[in-house]
Amino acid sequence: MFHRSPHPQVIRLWQEPWRKEQAARWFSQKWEIPVEAYRESMDACLENPQGIPQWYLIPGPDGSLLAGAGIIENDFHHRPDLAPNLCALYVEPRVRRQGLARLLLDTACEDAALLGLPRLYLVTDHTAFYERCGWSFLTMVTGEDGHAMRMYTKSTR
């Protein structure tokens, strides 16, 4: 079992670009999206570390990934005006309820503010969690699959 580190560290992918392949495969396995899509987005992050997309990782003591998230322009919905989107937030089950998701959310919001982005958006079914983290329901959006999704937003300031 993982023992909580007193200070888990969020790694920005551009800080440790050698983690790209590990991260692309990890996110692909968690979200069942082709690994090529993650590689492409991560390449764009590495080419422009001060822009969107951004990718965040929390590695464990053994180097495996415990948690991660990204910021992309659009998370598979038909509202390009509601951008950028926090996406792919995932925490390994064995380390949930230790503040890692909140740490990723806070880091992403801080970085977005530094990039001059006043708000972040996300689509989710985990409404209670995001509301506890300060996100507010904004509107329903239509996903690329035609299904309605709940869109949340949060100020980065």
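Note that the structure is predicted; figures quoted are calculated from it, not measured. (Residues numbered from 1 in each chain as written. Predicted model: local features only at pLDDT ≥ 70, side-chain atom pairs only at ≥ 80, totals over all residues. Heavy atoms only, no water.)

Participant: What is the right way to look at the pattern of salt bridges in this model?
Facilitator: Any two side chains of opposite charge can pair, on the condition that their charged atoms come close. Here the structure, examined in full by the defined rule, presents eight salt bridges. Glu-21 is paired through a salt bridge with Arg-25; the nearest N and O atoms lie 2.8 Å apart. With Glu-21 and Arg-25 both in helix H1 (residues 20-31), this residue pair falls four residues apart, about one helical turn. Assessed through its relative accessible area of 29%, Glu-21 is described here as partly exposed. (Salt bridge = Lys/Arg side-chain N within 4 Å of Asp/Glu carboxyl O. Helix = DSSP H or I, 4+ residues; strand = E, 2+ residues; numbered from the N terminus. Buried < 20%, exposed > 50% of the residue type's maximum accessible area, 1.4 Å probe, protein only.)

Participant: Could you clarify how one ought to interpret the packing of aromatic side chains in this entry?
Facilitator: The relation between two aromatic rings is expressed through the spacing of the ring centres and the mutual angle of the planes. Inspection of the entire model under this criterion finds nine aromatic pairs. Taken together, a centroid distance of 5.6 Å and an interplanar angle of 20° make the contact between Phe-27 and Tyr-38 stacked. Taken as a pair, Phe-27 in helix H1 and Tyr-38 in helix H2 (residues 35-47) lie far apart in primary sequence, eleven residues in all. You can call Tyr-38 buried: its relative accessible area is 5%. (Phe/Tyr/Trp six-rings, centres within 6.5 Å; stacked < 30°, edge-to-face > 60°.)

Participant: Mind showing me how you'd approach H1 here?
Facilitator: It helps to recall that an α-helix has 3.6 residues per turn; residues three or four apart then point in one direction. Here H1 contains twelve residues, and its C-alpha end-to-end distance of 16 Å stays within 8% of the 16 Å for a straight helix at 1.5 Å per residue. Three or more residues of H1 are buried, namely Lys-20, Ala-23, Ala-24, Trp-26, Phe-27 and Ser-28. Contacts from the buried residues of H1 go to H2, strand E2 (54-59), strand E3 (65-72) and strand E4 (85-91). Once H1 ends, the next one or two residues include Glu-32, with phi positive near 55°. (Expected span 1.5 Å × (residues − 1). Contact = heavy atoms within 4.5 Å.)

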